[in-house]
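Survey of secondary and tertiary structure
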Amino acid sequence: MHFLDDSLFPENQEKLVITVAPYGPEWELDDFRDDLPLTMDEHVQQAVDCFNAGATVLHIHVRELDGKGSKRLSKFNELLGRLREAVPEMILQIGGSISFAPEGEGADAKWLSDDTRHMLADLDPKPDQVTIAINTQQMNLMELMTPSDIAGTSFERPEIAEAYREMTVPAGPGWVEEHLKRLQAAGIQPHFQLAGTHQFETVERLIRRGVYTGPLMVTWVGIGGGSDGPNPYNMMEFIRRTPDGAVLTLETIMRSVLPINTMAIAMGLHARCGNEDTLWGRKGEKMTSVQQVEQLVRIANELGREVATGKEAREIYKLDEHYTSADETLAKIGFAPNRAPGRLGFTHHA
């Protein structure tokens, strides 16, 4: 992304889109019962409260009545139907893992099978987005967690900590190509969750080869354990490599969430918060998802950056735009064009 002399002036920045992830599939209910929803009514109310606080993208997981993360698509269909009525302006984004929570004592924390995740393209009503991982990788949620982060939570139990320490994200090239094909055919926008510039380069190759054509929605996932850590140098290199036509959100974990989001807001990027990313405000003090959204709105107001409405967020996310070729996608996003036959030297925009 190019930062001109006036790029940090809020009047020259897009309005802020706040993504909230308020369903915390990795946590057990007793970890923060005041904020983690159980019933379908609680799931819906959580969305309404977060939208009213200023969030316009809802990252969705569903919990069963036994407290475990749901892996049933029927539950997602039920929630999507309720949400379309309760928060019609909100962008509904399904978490592409479906749920990575362990199903029982000592069970592995893992993403569902390739075939099951493909079925997200068949959800009814369809979501606006499904998040997609690129390149199979480690997802060790424990690497950056401090003793104060897990104090009083289920993560203090060795078997739970070990399950999340050893978790991996399955996202091989065959699955990625098929998943993108199905999502695009269903009119669902993929939202790329990327762990570093190496994964960003894979996405660029998919675009250059015409595997994905459309607007580029990206979240930098700086959670460590296989992803970049919340190091500003990692973050800034990712930002530098992201073309101007993409929409970039920054995501990290635990008490790094607030400082990373503050930098995102100041730089004209977009923010993500919620109990899936952190339970904490100040050290040792829990903070609800709604309170986290309200905090980001206050920071944006202090910086003079306006927060997007639901309608404005949908325009920023280009949900109604569809591109037909690699060349059009490269141009719209801001990548250099593909090399024409016989062309020498560096490619560049006209």
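Values in this document were obtained by computation on a predicted structure and should not be read as measured data. (Residues numbered from 1 in each chain as written. Predicted model: local features only at pLDDT ≥ 70, side-chain atom pairs only at ≥ 80, totals over all residues. Heavy atoms only, no water.)

1. Some points on the overall build of the protein chain
- Across its full length, the protein chain holds 12 helices and 10 strands.
- For the protein chain, buried positions account for 56% of its 350 residues.
- Partitioning the intrachain contacts of the protein chain with sequence separation of at least 6 by distance along the chain shows that 76% fall at a separation of at least 24.
- Of the roughly 14900 Å² of accessible surface on the protein chain, 51% is carried by carbon and sulfur atoms.
- Of note, the protein chain has its 34 positive side-chain charges centred 4 Å away from the centre of its 52 negative side-chain charges. (Helix = DSSP H or I, 4+ residues; strand = E, 2+ residues; numbered from the N terminus. Buried < 20%, exposed > 50% of the residue type's maximum accessible area, 1.4 Å probe, protein only. Contact = heavy atoms within 4.5 Å. Areas by Shrake-Rupley, 256 points an atom, 1.4 Å probe, with all protein chains shown as cover. Lys, Arg positive; Asp, Glu negative; His and termini not counted. Charge placed at Lys NZ, Arg CZ, Asp CG, Glu CD.)

2. Here we look at helix α2 (residues 73-86)
- When the terminal C-alpha atoms of α2 are compared, their 20 Å separation across 14 residues agrees well with the 20 Å that a helix rising 1.5 Å per residue should span.
- Looking at the buried positions of α2, the neighbouring elements they touch are α1 (40-53), β2 (57-60) and β3 (91-94). (Expected span 1.5 Å × (residues − 1).)

3. As for empty space enclosed by the protein
- The final tally for this structure, using the stated rule, is 2 cavities of 30 Å³ or more.
- As a volume, the largest cavity reaches approximately 380 Å³.
- Residue lining of the largest cavity: 31 residues in total, with M139, Q193, V221, I223 and E251 positioned closest to the centre.
- Of all elements in the fold, only β4 (129-133), β7 (189-194) and β9 (247-252) reach the threshold of two or more residues within the lining of the largest cavity.
- Grouping the constituent residues of the lining of the largest cavity by class yields 15 nonpolar, 11 polar and 5 charged. (1 Å grid on protein atoms, 1.4 Å probe; cavity = no way out; pocket = protein on both sides within 12 Å on 5 of 7 lines; lining within 4 Å. Points joined across faces, edges and corners; volume = space filled by probe spheres on them. Nonpolar A, V, L, I, M, F, W, Y, C, P; charged D, E, K, R; others polar.)

4. Focus on the pairing of strand β10 (residues 270-273)
- On β10, burial covers both faces: H270 and R272 on one face and A271 and C273 on the other are all buried.
- Note: strand β1 (residues 18-20) against β10, 3 bridges, orientation parallel. Counted as the bridge partner of V20 is C273 from β10.
- Alignment of β9 against β10, held across 2 bridges, turns out to be parallel. What sits directly across from T249, in β10, is H270. (Pairing = 2+ DSSP bridges.)

5. Quick look at the packing of aromatic side chains
- Within this structure, the stated rule accounts for 5 aromatic pairs.
- Centre to centre, the rings of W27 and F155 are 4.7 Å apart; their planes meet at 40°, and the pair counts as tilted. Taken together, the positions of W27 in the loop between β1 and α1 and F155 in the loop between α4 (147-150) and α5 (158-165) put the pair 128 residues apart, joining distant regions of the chain.
- Using a relative accessible area of 1% as the deciding quantity, one classes F155 as buried.
- With centroids separated by 6.0 Å and ring planes inclined at 50°, the aromatic side chains of F200 and F335 adopt a geometry described as tilted. Of this pair, F200 sits in helix α7 (residues 197-208) while F335 sits in the segment after α12 (326-333), placing them 135 residues apart in sequence.
- Looking at F200, the relative accessible area reads 2%, which means it is buried.
- According to the relative accessible area criterion, F335 is buried, its value standing at 7%.
- A connected cluster of aromatic rings, assembled from ring pairs, spans W27, F155 and Y164.
- Over the face of the ring belonging to W175 we find R117, whose NZ or CZ atom lies 4.0 Å from the ring centre. (Phe/Tyr/Trp six-rings, centres within 6.5 Å; stacked < 30°, edge-to-face > 60°. Lys NZ or Arg CZ within 6 Å of the ring centre and 35° of its normal.)

6. Focus: the pattern of salt bridges
- Under the counting rule described, the total for this entry stands at 21 salt bridges.
- Across the pair E201 and R205 runs a salt bridge whose closest N-O atoms are separated by 3.8 Å. Residue E201 and its partner R205 are located together in helix α7, separated by 4 residues, close to a single helical turn.
- For E201, a relative accessible area of 27% puts it in the partly exposed group.
- Among the ionic pairs, E237 bridges to R241, the shortest N-O distance being 3.6 Å. Note that E237 and R241 are positioned in helix α8 (residues 232-241) at a spacing of 4 residues, about one turn of the helix.
- Judged by relative accessible area, which is 31%, R241 ranks as partly exposed.
- Members of the salt-bridge network, linked through shared partners, are E201, R205, E237, R240 and R241. (Salt bridge = Lys/Arg side-chain N within 4 Å of Asp/Glu carboxyl O.)

So, to be careful, I would describe these as geometric facts and stop short of saying anything about function.
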